[in-house]
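Secondary and tertiary structure notes
Below, each chain spelled out in residue letters.
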Amino acid sequence: MQITTGCRVVIATDERMFDDLAASEVLEVIGSDRLSRAPNVALPTGRTPVGMYRALVSRASEIGEVNCFAVDEYVGIPPADPHSFHFALRRQIVDLLPGATGHLLDGSAPDPETEAARHEIDLAACGGLDLAILGLGKNGHLGFNEPGSPFTSRTRLVRLSEETRRANAASFRQERDVPDQAITMGIGTLLDAAKVLLLVAGARKMPALARLIEGTADQSWPVTALLAHPHSLVIVAPEAVPPTVTARMH
Ligand code: GLP
């Protein structure tokens, strides 16, 4: 089912549909020979995109050269550490697609600000994003652009909110192991993508998704920046659909 707000929103009926729909949208951009150069795609980590990555890997023969850019990374976690987004992206997608080139972030780089600038320059040199794939934070963050991030922001070093550190603690041994800084593509960097695909799964994302569907851009809910994007698609898992939307569907 589809509803139109500022963005196009598609509600998947189950997990399989969620993953397959997302993979098909990505293949529209990275499927062989769609562009005259290798497409540039921003890739998120987290639980939400895992099934989509699996679906893409199963269709690897349809995918040619693709430049895979990390959306974000924890500062202080080296690439070989399984807690790093670098490690997760390699293991879940980049190393499994024969045509993929990883443009990932090094959380252990001696100067994170320089590492952030390097990523932004690398992306520009490759021709900018053709597709930004994003997950959603409980507090509405995109990548690690926390509430209050300017919608014009570029790739940079950021401080993580306590709420985000708590939300991500499950992936670490204890909450105090969660880094308090990260590098993230900026909201402006992401909005420059020709197309944006936002994946929303998990009931805890409902309040943030409701803000997007309400349709008012508000810097305290970073996800609402997508309202200004001309080609954004939101794929929502059934458990994340806010009650206001369910009411509209009847
Ligand atoms: C993290 C990452 C985001 C990710 C989000 C959602 O904080 N910085 O890039 O999209 O959380 O994660 P999950 O899919 O596990 O809910």
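This report concerns the structure included in the present document. Each chain carries its own residue numbering, running from 1 in the written order of its sequence. Reporting in this predicted model follows two pLDDT cut-offs: at least 70 for local features of residues, and 80 or more for side-chain atom pairs to be given and counted; totals over whole chains, interfaces and linings ignore these cut-offs and use all residues. Working from all heavy atoms in the structure, the side-chain values ignore hydrogens and water.

1. Details of the site of the ligand
Worth spelling out the cut-off: It suffices for a single heavy atom of a residue to lie within 4 Å of a molecule or strand for the residue to be listed as near it. Under this definition, polar contacts are N or O atom pairs within 3.5 Å; protein pairs additionally need one hydrogen-donor-capable and one acceptor-capable atom, and for neighbouring residues in sequence, both atoms have to be side-chain atoms. For the accessible areas, the method is Shrake-Rupley and the probe is 1.4 Å, while residue cover comes only from the protein chains on display. Residue classes follow a fixed rule: Ala, Val, Leu, Ile, Met, Phe, Trp, Tyr, Cys and Pro count as nonpolar, while Asp, Glu, Lys and Arg count as charged, and any other residue, Gly among them, counts as polar.
Near the ligand lie 13 residues; those nearest to it are Arg47, Thr48, Asp72, His141 and Lys205. Between an oxygen atom of the ligand and a main-chain N or O atom of arginine 47, the distance comes to 2.8 Å. Isolated, the ligand exposes 390 Å² of accessible area, and the fraction of that covered by the protein chains is 92%. Looking at side-chain class alone, the shell around the ligand contains 2 nonpolar, 7 polar and 4 charged residues.

2. Details of the packing of aromatic side chains
For the record, the criterion: A pair of Phe, Tyr and Trp rings is counted when the ring centres sit within 6.5 Å of each other, with Trp represented by its six-membered ring. The angle between the planes then sorts it: under 30 degrees is stacked, over 60 is edge-to-face, the rest tilted. The secondary structure listing takes helices from DSSP runs of H or I that are at least 4 residues long and strands from runs of E that are at least 2 residues long, numbered from the N terminus. For the exposure calls, accessible area comes from a 1.4 Å probe over protein chains only, and a residue counts as buried if that area is under 20% of its type's maximum, exposed if over 50%, partly exposed in between.
Under the definition given, this model contains 4 aromatic pairs. Ring geometry for tyrosine 74 and phenylalanine 144: centres 5.4 Å apart, planes at 45°, overall tilted. On the criterion of sequence distance, the pair formed by tyrosine 74 in strand E5 (residues 72–74) and phenylalanine 144 in the loop between strand E7 (131–134) and strand E8 (156–159) is long-range, its members being 70 residues apart. With respect to burial, tyrosine 74 and phenylalanine 144 carry one shared label: buried. Look at tyrosine 74 and phenylalanine 172: their rings are 5.4 Å apart centre to centre, the planes differ by 80°, and that puts the pair in the edge-to-face class. Here the residue tyrosine 74 occupies a position in strand E5, and phenylalanine 172 occupies one in the loop between helix H5 (162–167) and strand E9 (181–184), the gap between them amounting to 98 residues. We classify tyrosine 74 as buried; its relative accessible area is 2%. Among the aromatic residues, those joined into a cluster by ring pairs are Tyr74, Phe85, Phe144 and Phe172.

3. Comments concerning the sheet that holds E8
Strand pairing in a sheet is mediated by backbone hydrogen bonds. Such pairs are either parallel or antiparallel. Rules: In this analysis, strands are considered paired if DSSP registers two or more bridges between them. For every element, the axis is a line fit to its C-alpha atoms; helices are fit only across the contacting stretch, and the angle between N-to-C directions ranges from 0 to 180 degrees. Contacts were defined at the residue level, with two residues in contact if any of their heavy atoms lie within 4.5 Å.
Read from one edge to the other, the open sheet built from 3 strands follows the order E5-E9-E8, with strand pairing classed as antiparallel. Two strands close off the open sheet at either side, each with one partner strand: E5 and E8. Geometrically, the sheet is characterised by an average inter-axis angle of 30° between neighbouring strands, direction not taken into account. Relative to E9, E8 is paired through 4 bridges, and the arrangement is antiparallel. Bridge pairing in E9 places leucine 157 opposite isoleucine 183. Along the sheet, helix H4 (residues 112–126) makes contact with E8 and E9, crossing E8 at roughly 130°.

Interpretation note: all reported values are geometric properties and have no functional meaning in isolation.
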